[in-house]
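Residues per chain are reported as follows:
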Amino acid sequence: MKMESFILWRTVPIFLLLPTVQCSESQSQTAVFLPEFALLPQGSFMEDATEDQFLTYRYDDQASRTTRSDEDGDIGWDAWGPWSDCSRTCGGGASYSLRRCLSGGSCDGKNIRYRTCSNTDCPVESGDFRAQQCSAHNDIKYQGVTYEWVPAPYDSSAPCALRCQAKGGGLTIELAPKVLDGTRCRADAFDMCISGICQEVGCDRQLASGAREDNCGVCSGDGSTCQLVRGQAIPHLTPEQSLKTVLEVPAGSRFLRLNAKGPDMIVIEAVSLQGRRDETILVSTGSYVIGNTSLDFQRGADRQTLRTHGPLNSDYIIKMKYGGSKDTLVQFLFYQPIRYQWRETDFFPCSVTCGGGYQLNSAECTDIRSNQILPEHYCNSFPENTKPTPKLKECNMDPCPESDGFKEVMPYDHFQPLPRWEQGPWTQCSVSCGESGGWQDRSVLCVEEDTLGLFSQVEEWKCTHSPRPVTRQVCNSFVCPQWVAMEWSQCTVTCGHGLRYRVVLCIDHRGQHIGGCDASLKPHIKEDCLVPIACQKPRESLPVEAKVPWLKQAHELEYHYTATENPTFVPGPWSPCSTTCGPGKQTREVKCRVLLSFTKTEVDLPEGECVEDRPQVERPCYQESCTRVTDISSGLQTHAASFIQTEEQYSWDYRGFTACSATCAAGKQTAVVRCVNRKQGEEVEDSLCDSSSRPSEMIRICNPEPCPARGRVQGFQTCHPATL
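These numbers come from a predicted model, not from an experiment.

Here we come to the sheet that holds strand E13 (residues 286–290). Pairing within the open sheet is antiparallel, and its 6 strands lie in the order E8-E17-E10-E15-E14-E13. Edge positions in the open sheet fall to strand E8 (226–233) and E13, since each of these has one partner strand only. Neighbouring strand axes in the sheet, compared pairwise and without regard to direction, differ in orientation by 15 degrees on average. Where strand E10 (residues 254–261) lies against strand E17 (residues 329–337), 6 bridges are found, and the strand directions are antiparallel. In the sheet register, Ala260 faces E17, and the bridge partner there is Val330.

In structure tokens:
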């Protein structure tokens, strides 16, 4: 095994003194130091550098007064000396710097300071630094016997003593009062032993920085790269089914804690990232290394506890093995890393080669297990994941050679605006309707504006400082128009066979009458009906529609309208000619209508319901030739102006509807048209409005509910005198 090199202190500290120990103050002396545990200075001092005592020089060197320390502002101290070599080559060590007191040993403060160094992780094969120091004593006999030493469990009362235990036995002793500088105080923290004292070290590997890891193991993080997983399980083991998997914990998880209350035993199968499997049954209390991860296990009479700080270096498949008829309750908690995480990229090339430009970085969605780059939607599926905002910095600030030697670089928002996203128009939706909707797309380009205000397309990475607009969206996600049938009318007869009718309309998702429904799927509007009452009179040969008043109403409808039981365009009357002389035009309303045969009521429908060609709504007309009057008096002009003013003052307006023609079975109401004073809003005589502009008649259905069943009325019987 490759081990990190270090010097082991086994006996008493070594002191190297000058030949003349005592000398006068006038003599110029030098001190030579040998490191104890690679850091501790020794020499001729006024007091030993043990525990929290620090070194002070015995003599005063007047030549050093010119380099007095201004860093701390302490009076009487010389400048700090250079930093010593690091106590370790990797894994985090310590280095020290010294200074002298120039006032004869009466300075306030310390003459030694420390800093961390060599903070890069050591190779895996080098092993634990404390374990190396324990194993260095394997060839030294203890009480006449040699042992293979391993680190003893953490002891908070002496964290920096080299306490080791014999492997495979219960012997635990202190092999040295101090571990080497840079040794961790305990395995699950960055705190470091320096000169035998445990010093607080932040997760940034700096002394007393106060930086702490979050639950995900990120230094000064916000906990957004992992998820808390907690729960419980009861495996219900039997002698026939003696082994069950209760939990899978992925590599990288932290703070795993598992409690098992019951007789069953815990089995851990570790699966490395290379696929190697190793299964361990936890039987006795102690520390285990499973899948290259240390964990502590405690076993009581009816309870087992497993703890590890992590992170796990392998996937753990935790199983329970049958140990008795009683069920075991397993409770667990751990922080699982989010597998797909954002990682910032390097900065992209500078926007210019000289004269001052900018460069941005971005973030990529990364699979932390395989270290592969994936599409962004993998990271977006975790709400804890927040894509880092791109960083922007200046670059290539040197003047361009062809310039006058100086170029002022202004802030980007004043001198040269940042590139931005430019969106094109949305395309037409792929469908007109449907519950799932369709798609519409648009183009999105990264454009840059030059100093002349002209835009040009540039690489997309230049716009990553702002979110990229979406290029596709859902559209027309509403239900398509559907046929809606009203309730059936009452049967046209009171006995025997007859007909009944209903209104069928095309309704959209907003409840409005429109077109667009499939005509082949339209429900029928007429069907036979039977009233289960025997008719008293012989059945007539004519259908009910041919009887009076049905026949009379049908003739009137045929005379005035052309509406049928199928949707049909019904033209209204032509308006008067637009001129009193010469050529003009006439207009009329054309509506799509359907005739309800039973009630003889017309209903307006959307034009899309009528499939035939729409009749013309405008035609030319010609009145008699106009005669030119050359002499028009001012009085006629005044009268004409008065007429125009009167015409503008009064107009036709709808004022409600008439009463319904029936109380049931679909009656009709006609809109009331009145001449209204437009300024006052009051009704006036119809003669004040232009009769040619009177709106067309408007009819609507009312009271469509079926009528209640009718009974037959017979004549009274002959009256008989009452008997008393």
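Another point: empty space enclosed by the protein. Taken as a whole, this structure holds 5 cavities of 30 Å³ or more when the rule is applied. Size it by volume and the second largest cavity reaches roughly 60 Å³. Around the second largest cavity sit Gly91, Gly92, Thr116, Asn119, Gly182, Arg184, Phe190, Asp191, Met192, Val201 and Arg205, which together line it. Its residues assigned to classes, the lining of the second largest cavity comprises 3 nonpolar, 5 polar and 3 charged.

A separate point is the environment of Asp327. Tracing the backbone shows Asp327 in the loop between strand E16 (315–321) and E17. Classification of Asp327 as partly exposed rests on a relative accessible area of 35%. Placed 93 residues apart in sequence, Asp327 and Ile234 show a C-alpha to C-alpha distance of 6.8 Å. Apart from the residues lying within four places of it in its own chain, the contact partners of Asp327 are Ile234, His236, Leu237, Lys261, Gly262 and Pro263. Within the structure, the side chain of Asp327 is placed 3.1 Å from the side chain of His236, a separation counted as a polar contact.

Before going further, it helps to spend a moment on the state of the cysteines. By definition, a disulfide links two cysteine residues through a covalent bond between their sulfur atoms. With the rule as written, the count across this model stands at 20 disulfides. Two residues, Cys185 and Cys198, share a disulfide whose sulfurs are 2.1 Å apart. In this structure, the disulfide formed by Cys185 and Cys198 twists by about 120 degrees around the S-S bond and is classed as right-handed. Of the two residues, Cys185 sits in the loop between strand E5 (172–176) and strand E6 (192–194) while Cys198 sits in strand E7 (residues 197–199), which places them 13 residues apart along the sequence. A sulfur-sulfur separation of 1.9 Å characterises the disulfide bridge that pairs Cys216 with Cys226. Given an S-S torsion of about -75 degrees, the disulfide between Cys216 and Cys226 has left-handed geometry.

Once that is clear, we can look at the sheet that holds strand E21 (residues 372–374). Across a sheet, strands are paired by hydrogen bonds formed along the backbone, either parallel or antiparallel in direction. Read from one edge to the other, the open sheet built from 3 strands follows the order E18-E20-E21, with strand pairing classed as antiparallel. With partners counted over all chains shown, the strands left at the sheet margins are strand E18 (340–344) and E21, one partner each. Each strand of the sheet is rotated relative to its neighbour by a mean of 50 degrees, with strand direction disregarded. Sheet topology places strand E20 (residues 363–367) next to E21; 3 bridges connect them, and they run antiparallel. By the bridge assignment, Cys365 is partnered in E21 with Leu374.

Conventions we followed
- Residues numbered from 1 in each chain as written.
- Predicted model: local features only at pLDDT ≥ 70, side-chain atom pairs only at ≥ 80, totals over all residues.
- Heavy atoms only, no water.
- Pairing = 2+ DSSP bridges.
- Helix = DSSP H or I, 4+ residues; strand = E, 2+ residues; numbered from the N terminus.
- Axes fitted to C-alpha atoms, helices over the stretch in contact; angles between N-to-C directions.
- 1 Å grid on protein atoms, 1.4 Å probe; cavity = no way out; pocket = protein on both sides within 12 Å on 5 of 7 lines; lining within 4 Å.
- Points joined across faces, edges and corners; volume = space filled by probe spheres on them.
- Nonpolar A, V, L, I, M, F, W, Y, C, P; charged D, E, K, R; others polar.
- Buried < 20%, exposed > 50% of the residue type's maximum accessible area, 1.4 Å probe, protein only.
- Contact = heavy atoms within 4.5 Å.
- Polar contact = N/O pair within 3.5 Å; in protein donor to acceptor, adjacent residues only side chain to side chain.
- Disulfide = S-S within 2.5 Å.

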